[in-house]
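# What the coordinates show
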Amino acid sequence: MKSHQVKLTLNGVEREEVCESRTTLLDFIRHDLGSTGTHSGCEHGVCGACTVEIDGQIVRSCLMFACQADGSKVNTVEGIAKSGKMSDLQNAFKKHHALQCGFCTSGFLLSAEDLLRKNPYPTELEVREGLSGNLCRCTGYVGIVEAVLEVATARVYQNGGEHA
Amino acid sequence: MKSAPFVMHQAHSQSNILDLLDKYGEDARIIAGGQTLVPVLAMRVASPDHLIDINKVDELKKFGVSGDVLQVGAGVRQSELEQWSELRKTQPLLSLMFPWIAHTPIRNRGTVCGSIAHADPSAELVLALALLDGSVILVSKKKKRVVRAKDFFLGALQTSRQSNEFIEAVQFPVRGPHAGFGFFEYGYRHGDFAVVAVAVIKEGDVWTIGFGGIDDVVRVYQCTATSLDKVKNFIDELAADTEVREDPTATSGLRRHLMRTLGARACQQAMEFKSDEIR
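So, how was this worked out
- Residues numbered from 1 in each chain as written.
- Chains lettered and ligands numbered in written order.
- Predicted model: local features only at pLDDT ≥ 70, side-chain atom pairs only at ≥ 80, totals over all residues.
- Helix = DSSP H or I, 4+ residues; strand = E, 2+ residues; numbered from the N terminus.
- Rg over C-alpha atoms; globule rule 2.2 N^0.38 Å.
- Buried ≥ 20, exposed ≤ 12 C-beta atoms within 10 Å, placed from the backbone.
- Contact = placed C-beta atoms within 7 Å.
- Nonpolar A, V, L, I, M, F, W, Y, C, P; charged D, E, K, R; others polar.
- Arc of directions from axis to C-beta.
- Pairing = 2+ DSSP bridges.
- Axes fitted to C-alpha atoms, helices over the stretch in contact; angles between N-to-C directions.
- Domains from an automatic or database assignment.

All right, on to the overall build of chain B then. Across its full length, chain B carries 11 helices and 14 strands. The C-alpha radius of gyration computed for chain B amounts to 19 Å, which stays within 12% of the reference 19 Å derived for 279 residues, consistent with globular compactness. With the C-alpha coordinates of chain B rotated into their principal frame, the extents come out at 55 × 45 × 35 Å. Per-residue burial for chain B yields a buried fraction of 48% across its 279 residues.

Accessible area lost when the parts come together is the quantity often used to give the size of an interface. Chain B puts 24 residues into the contact, and the matching count from chain A is 20 residues. For the side of chain B that touches chain A, the elements supplying multiple residues, two or more each, are β1 (7–10), α2 (37–42) and α6 (104–109) of chain B. Of all the elements, α6(B) adds the most residues to the side of chain B that touches chain A, at 5 residues. When its residues are assigned to classes, the side of chain B that touches chain A shows 11 nonpolar, 9 polar and 4 charged.

Moving on, we get to helix α1 (residues 14–24) of chain B. Residue and element names in this part refer to chain B. Of all the positions in α1, only Ile17, Leu18, Leu20 and Leu21 are classed as buried. One side of α1 carries all its buried residues, which in axial view fall inside an arc of 165°. For α1, the elements touching its buried residues are β1, β2 (28–31), β3 (50–53), β6 (135–139) and β10 (166–173). At the C-terminal side of α1, Gly25 shows a positive phi close to 45°.

Turning to the sheet that holds strand β4 (residues 57–60) of chain A, a few remarks are in order. Residues and elements named next belong to chain A. Taken in spatial order, the 5 strands line up as β2-β1-β5-β3-β4 in an open sheet, and their pairing is mixed. Looking at strand neighbours, the two that pair on one side only are β2 (13–19) and β4, the edges of this open sheet. Here the average twist between neighbouring strands, direction ignored, is 40°. In the packing of helix α1 (residues 25–32) onto the sheet, the strands contacted are β1 (4–10) and β2, and the crossing angle to β2 comes to about 105°.

Residue and element names in this part refer to chain B. Read from one edge to the other, the open sheet built from 4 strands follows the order β11-β12-β13-β14, with strand pairing classed as antiparallel. For this open sheet the edge positions go to β11 (180–186) and β14 (219–224), each flanked by a neighbour on one side alone. With direction set aside, neighbouring strand axes in the sheet form an average angle of 15°. Contacts from helix α11 (residues 252–271) reach β11, β12 (196–203) and β13 (206–212) within the one sheet, and its direction differs from that of β12 by about 35°.

Residues and elements named next belong to chain B. Domains assigned within chain B are domain 1 (7–53), domain 2 (60–173) and domain 3 (180–274). Here domain 2 and domain 3 have C-alpha centroids that lie 21 Å from each other. Contact with domain 2, which involves 19 residues of that partner, is made by 18 residues of domain 3. Of all elements in the fold, only α5 (92–97), α8 (124–131) and β8 (153–155) reach the threshold of two or more residues within the side of domain 2 that touches domain 3. The biggest single contributor to the side of domain 2 that touches domain 3 is α8, with 6 residues. Per-class residue counts for the side of domain 2 that touches domain 3 are 15 nonpolar, 3 polar and 1 charged.

Residue and element names in this part refer to chain A. With domains assigned, chain A is organised as domain 1 (4–79) and domain 2 (88–158). Centre-to-centre, using C-alpha coordinates, domain 1 lies 22 Å away from domain 2. Taken together, the 13 residues of domain 1 in the interface contact 11 residues of domain 2. Top contributing element to the side of domain 1 that touches domain 2 by residue count: strand β3 (residues 51–54), with 3 residues. Looking at the side of domain 1 that touches domain 2 residue by residue, the class counts come to 6 nonpolar, 6 polar and 1 charged.

Given below as structure tokens:
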């Protein structure tokens, strides 16, 4: 029975729908709000494909119910390139072949952005550890790690950082 | 992979939680971070009729040192405690463990008390509570009781919590400034379940050594040893003599090997321990 009125801000736009208590945030975003950029992988918190950002923190959207996200600000992969132009990180993924089938990519992008926000000068090991919650079955991760490291260096140069 | 239907109750205060638990008892489960409970519901290992969401109860979101314990309320997320600037000094063992507990998105949502409530014998926080001889504060509508870790964890995923009780907070005793700590674990992927986890506290010549993942509950041993070689001998004997779990993820032989190698490393780390060097 659809009994929960859930109102949240998805990528800056206020959205409202009614759902069941057992509807996960992942299904709510995909089925009820129609934003299918966030992917549904394992549905039990192992693969990281469904990673979204809620009130500034990345979480697994398959591991919470939509009614628990009522009133929060949710950002998904669609929010990374709102203008329709790909972000620097997305371009680096393309350049380094950091995706083949692309199923895991939306989760990786969210996790990588969070990592770079918290740690703008990551080492390769820190990138690998930071992204260890996301699974990719195509690339072997080398391209993904290279893309994130390249963007980290480019952003530090851009901001006139001394660690570059 | 969808949960069976349930009624979600949004609790707004602690007394509200207790009323709901009193009313629904065994048919209800508390949901805080849900990082273990939601998969359990999705796989229909459990299908409670009622869920009581405690995320909006502000009085449970407190943690701090009172007396000689670090008390952590039921609403405190793992990442909140991980990022607390005093943690390294107050509870260095937890500082050593946090990077190993699942992954950032899980720690952002999962709570400390939730991990204790789930009582997975390979969970790092369960190991920490058992090793530090901590306690769990259980509250029901009628009474409040403090249960020591060794009386709380009864088996794999089994605790002495009654169906009308909920974990208000857990207490991690703070050790003296001269205590040394060590922690190592082995899993198949960074952040995955530990095949074996070892934590060590060294206070003078007294070594307290805890093993997670080897049995249905965390096993804690104590020995007095004047040198690293002596404590390593003690661990070698333990690994040879102890009943150790065998399952599809690891043979008991591998687990015994990990007890010896990780145990030796954790003891070395405890001997050379300096809290300001924790990453």
